[in-house]
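# Survey of secondary and tertiary structure
So you can see what is in the structure, the chains are spelled out below.
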Amino acid sequence: MRNIMTFFRAIISVNTRNVRSGKLRGGGENAFTLVELLVVIAIIGVLIALLLPAVQAAREAARRMQCSNHVKQYCLALHNYHDVQSAFPASRIHLPVYDKFFPSSGSTAYTGVFCGWTGTIAILPYMEQSSRYDSFMAVDPMAAGFTPLQLTDKVTYRFVDDPISTLLCPSDGGALLKNPVRNLTKRNIVTSRGDGMWQSEQYFGNETTKADLVNLASDRKVDHRSMFIRSGWKGMNSCIDGTSNTLAVSETTTSLTTANNTVLGGVRNHTDSAMINADGRIQCMNARKGTMLTGTMSTGIQRGGSWTFGHVAWSGFHTVNPPNSPNCARGVDSTDWGLFPPSSFHSGGVNVGFFDGSGRFLTETIDCGPATAIQNPTALDSQYGVFGALGTPAGGESVTL
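The following refers to the structure shown. A quick note: this is a predicted structure, and the numbers were derived from the prediction, not measured.

## Overview of the sheet that holds strand E11 (residues 349-354)
Sheet strands pair via backbone hydrogen bonds, and the direction of the pair is either parallel or antiparallel. In space, the five strands of this open sheet follow the order E8-E3-E4-E11-E12, with mixed pairing throughout. Looking at the sheet topology across the chains shown, the edges are occupied by strand E8 (316-317) and strand E12 (359-363). Relative to E11, strand E4 (residues 247-251) runs antiparallel, the two being bridged by three bridges. Note on E11: the bridge partner recorded for Val249 is Gly353.

This is the structure:
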């Protein structure tokens, strides 16, 4: 393109000098007429128009590659954490939390401490964020307002609001824009909760002792359907299907505010039954009109809206409906459960990372089982095709992409 422009610039320069010296066409010397000059300009415009899509595609390819590298870096941090703790971090936890995350706390109970902090905090030292990790550990967990969504002192807790580049995808231009109300820093990389959408976050409260975590079986029917669970740590030995066959992380698109009604980033409110039967799953898939969602939006959920908040609605994804399909929640806020597929602004799919540390591109056409499939929390194998099998660590389905 630069050579073409140089060529035309040289021609125009020469003929401009000819015109100024009086050497016109009638005088025996060749020169550009006004019509010819306009034709040249038109040709240049056409060439630019043809090249722009290619340039944009190249830029998006570079952004997608950078995003893929961030996914791999996150997976590497998970592995480094596992090497030290012999387990992967919980999906959401106390601050400070139990021995796997913060060894000096032992089994001490922290009554009244908010348990919504993301497990990403646990791997900060392995993401070159040791100083930020130390800042978290220095905070009194009982301090008023010190929760992921209700920080009252933005100056003192600056380390919470500063963005972490590894968690962001450059293709999501809105990821660097904070929620104007909560002033929260976002994330594009989220952890897999497998196909365990049903009651995966039903119990939302303050665990007071470790015994309580064991007795929550009736409220946490789907913990075995994912490697990342609330207030629980799983090691490599839980990944029976193989680390190269089990999804660890993916992308999510973000939105500037809650109640957003776009398919990428928005969350639609559904009825109670919508998340536990086939009809509800179909309703969620059909809750779109072009790039927009139909119906009522969930006002208390912002996908990727805070990198510190560990609830699945904000920082997790399910392997049920295909990538870039609508998000649906049973309620209007983030204390309930729902169906949250991965999503991105990359054409045709999303970047994902596996527990073996590898990264791949997952297409929107991946097999998700029959539309009539109904979740069975007690079954080992997934009802949701290849996608569901990749999300479950111990279903006995060693499928690959």
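## Focus: helix H6 (residues 278-285)
Among all positions of H6, only Ala278, Gly280, Arg281 and Cys284 are buried. All buried residues of H6 lie within an arc of 165° about the axis, which places them on one face of the element. Packed against the buried residues of H6 are strand E9 (327-329) and strand E10 (338-339).

## What to know about the pattern of salt bridges
For the structure shown, the criterion picks out two salt bridges. Here Arg158 and Asp162 are joined by a salt bridge, their closest N and O atoms 2.9 Å apart. Residue class for Arg158 comes out exposed when judged on its relative accessible area of 53%. Linking Arg225 and Asp195 is a salt bridge whose minimum nitrogen-to-oxygen distance equals 2.5 Å. You can see Arg225 sitting in the loop between helix H5 (210-214) and E4 and its partner Asp195 sitting in the loop between strand E3 (189-192) and H5, a full 30 residues away along the chain. Asp195 shares its class with Arg225; the two are buried.

## Quick look at the pairing of E12
By the bridge criterion, five bridges tie E11 to E12 in an arrangement that is antiparallel. Opposite Gly353, over in E12, you have Gly359 as the bridge partner. In this structure, the hairpin formed by E11 and E12 is closed by a connection of four residues, where Gly357 is found at a positive phi of approximately 95°.

## Concerning the nonpolar core
Proteins that are soluble and globular tend to have nonpolar side chains buried together. Of all hydrophobic cores here, the largest spans 37 residues; its most connected members are Tyr74, Phe136, Phe146 and Val249. Here the element with the most residues in this core is helix H2 (residues 34-85); it accounts for six residues. For Val249, the residues in contact, after removing those within four places along its chain, are Val71, Tyr74, Cys75, Leu78, Ile189, Val190, Thr191, Ser192, Phe317, Val352 and Gly353. In terms of nonpolar packing, the next biggest core, distinct from the first, is built from eleven residues, Phe317, Val352, Phe387 and Leu390 among them.

Definitions and limits used
Residue numbering note: each chain is counted from 1, following its sequence as written. Note on the predicted model: pLDDT of at least 70 is required for a residue's local features to be given, and 80 or more for side-chain atom pairs to be given and counted; whole-chain, interface and lining totals, by contrast, use all residues. To obtain the side-chain values, all non-hydrogen atoms of the structure were included, while hydrogens and water were left out. Note on pairing: two strands pair once DSSP finds at least 2 bridges between them. Under the DSSP-based scheme used, a helix requires at least four consecutive residues in state H or I and a strand at least two consecutive residues in state E, with every element numbered from the N terminus. Note on exposure labels: buried denotes an accessible area under 20% of the residue type's maximum, exposed denotes more than 50%, and partly exposed covers the range between, all computed with a 1.4 Å probe on protein chains only. An arc is given here, and it is the one of the directions from the helix axis to the C-beta atoms. Two residues form a contact once any of their heavy atoms are found within 4.5 Å. What counts as a salt bridge is simple: a side-chain nitrogen of Lys or Arg found within 4 Å of a carboxyl oxygen of Asp or Glu. Side-chain atoms within 4.5 Å link the members of a nonpolar core, which is a set of buried Ala, Val, Leu, Ile, Met, Phe, Trp, Tyr and Cys residues.

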